[in-house]
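So the chains spell out like this:
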Amino acid sequence: MAVTGNSGAKCSICNKANATCLCSGCSKDFCFQHLIEHRQILDKQLEEAINDHNQFQQTIIQQKQNPLNSSLIKQINQWETTSIHQIQQRIKECREKLMNLTQKSMNDVEKKFIELSKKLKEIREENEFNEVNLKGFQLKLTEITQEFLKSSNISIREDSKEFINKISVISSNKWKQQGILVAGGNGKEDHLNQLYGPEGIFIDHHNNIFIAEWGNHRIVEWKCRFNNGQIIAGGNVRINRNDQLSYPTDVLIDKQNDSFIISDSSNRRVIRCFRQNSKK
């Protein structure tokens, strides 16, 4: 803390007109006693700032050493666990359903086969059969065999609709709360470092800003990192002439034709202006 002597001032704490010192940080005067107290307060604040700095540094070190311990990683891990559980549960349900359907199909085939076996036994015991009986028996046996081998009434279907919620990792960049002055800001007169009622703007590939200045009836080109603008159209008397403007509200740059197009509000028109060095 830099201090300077100031014999004509009063202490900001006790208001005594003793020999005081001016603190260059807070711009207040202190007597010797309160200067020491002020210094102690600053020392305490510095110590707190150092502690906060060290704690944050330790947090960064821990995060670098254990990147998988972050809350977002834990959220992904939880999603993984939940999804695996849902998949396993779905697999279990499908497997049980398939086994039940397969068992039922086998039972039906077995029942038909037992009935066919009984008929074959009866024919054989009675010794009364002919070509028609044998052919019918053979067809029935073939039908039962195909039903058993194919199990055509059971299949696996994959649905395209997801039953597990999909997650994604996204990064949302936030705008800074404080902006940077790029044009004007010095009042609302007609000087080249001022703007009065800026309306439409256009930015070219060099980051130069073209401003339709409604209040000064002009178009101003404000080059990147310059403190002053340059009038490129209007800026004189507010009349209806091709070289004048009346409350312009917008401007566009036509790079191909080396010109700019202006919405001239009060004159109820849109005009095109070519640059002075243009060959068109």
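Going by an unreviewed UniProt entry, the protein chain carries the name B box-type domain-containing protein and comes from Adineta steineri.

Engineer: How should the overall build of the protein chain be read in this particular structure?
Structural biologist: Along the backbone of the protein chain there are three helices and ten strands. If you list the helices and strands of the protein chain from N to C, you get β-β-β-α-α-α-β-β-β-β-β-β-β. Taken over 280 residues, the protein chain has a buried fraction of 20%. Excluding contacts between residues fewer than 6 apart, the proportion of contacts in the protein chain whose partners are at least 24 apart in sequence is 33%.

Engineer: What is the right way to read the sheet that holds strand β6 (residues 218-222) from this model?
Structural biologist: Within a beta sheet, neighbouring strands are joined by backbone hydrogen bonds and run either parallel or antiparallel to one another. Pairing within the open sheet is antiparallel, and its four strands lie in the order β4-β5-β6-β7. Each having just a single partner strand, β4 (198-203) and β7 (230-234) make up the two edges of the open sheet. This sheet shows a mean twist of 25° between the axes of neighbouring strands, independent of strand direction. Pairing analysis gives four bridges linking β4 to strand β5 (residues 209-213), with the strands arranged antiparallel. Each bridged residue has a counterpart across the sheet, and for Ile203 the counterpart in β5 is Ile209.

Engineer: Where do I start with the pairing of strand β2 (residues 20-23) in this structure?
Structural biologist: Working note: regular strand, side chains alternate between the two faces of the sheet. Of the strand pairs in this sheet, β2 and strand β3 (residues 29-30) are connected by two bridges, and their pairing is antiparallel. Looking at the pairing, Cys21 lines up with Phe30 of β3. Between the end of β2 and the start of β3, which pair antiparallel, lie five residues, with Ser27 showing a positive phi angle near 60°.

Engineer: Honestly, the environment of Phe32 in this entry has me stumped. Any pointers?
Structural biologist: Checked against the element boundaries, Phe32 lands in helix α1 (residues 32-65). Between the C-alpha atom of Phe32 and that of Cys11, which follows or precedes it by 21 residues, the distance is 9.0 Å.

Engineer: Help me understand the packing of aromatic side chains in this model?
Structural biologist: Each aromatic ring pair is described using two quantities: the centre-to-centre distance and the angle formed by the ring planes. For the structure shown, the criterion picks out one aromatic pair. Geometrically, the ring pair formed by Trp214 and Tyr247 is tilted, given 4.5 Å between the ring centres and 40° between the ring planes. Taken together, the residues span a long stretch of sequence, with Trp214 in the loop between β5 and β6 and Tyr247 in the loop between β7 and β8 (248-254) at a distance of 33 residues. On the basis of relative accessible area, Trp214 is assigned to the partly exposed category, the value being 34%. The partly exposed category is assigned to Tyr247, whose relative accessible area is 23%.

Procedures and definitions
Residues numbered from 1 in each chain as written. Predicted model: local features only at pLDDT ≥ 70, side-chain atom pairs only at ≥ 80, totals over all residues. Heavy atoms only, no water. Helix = DSSP H or I, 4+ residues; strand = E, 2+ residues; numbered from the N terminus. Buried < 20%, exposed > 50% of the residue type's maximum accessible area, 1.4 Å probe, protein only. Contact = heavy atoms within 4.5 Å. Pairing = 2+ DSSP bridges. Axes fitted to C-alpha atoms, helices over the stretch in contact; angles between N-to-C directions. Phe/Tyr/Trp six-rings, centres within 6.5 Å; stacked < 30°, edge-to-face > 60°.

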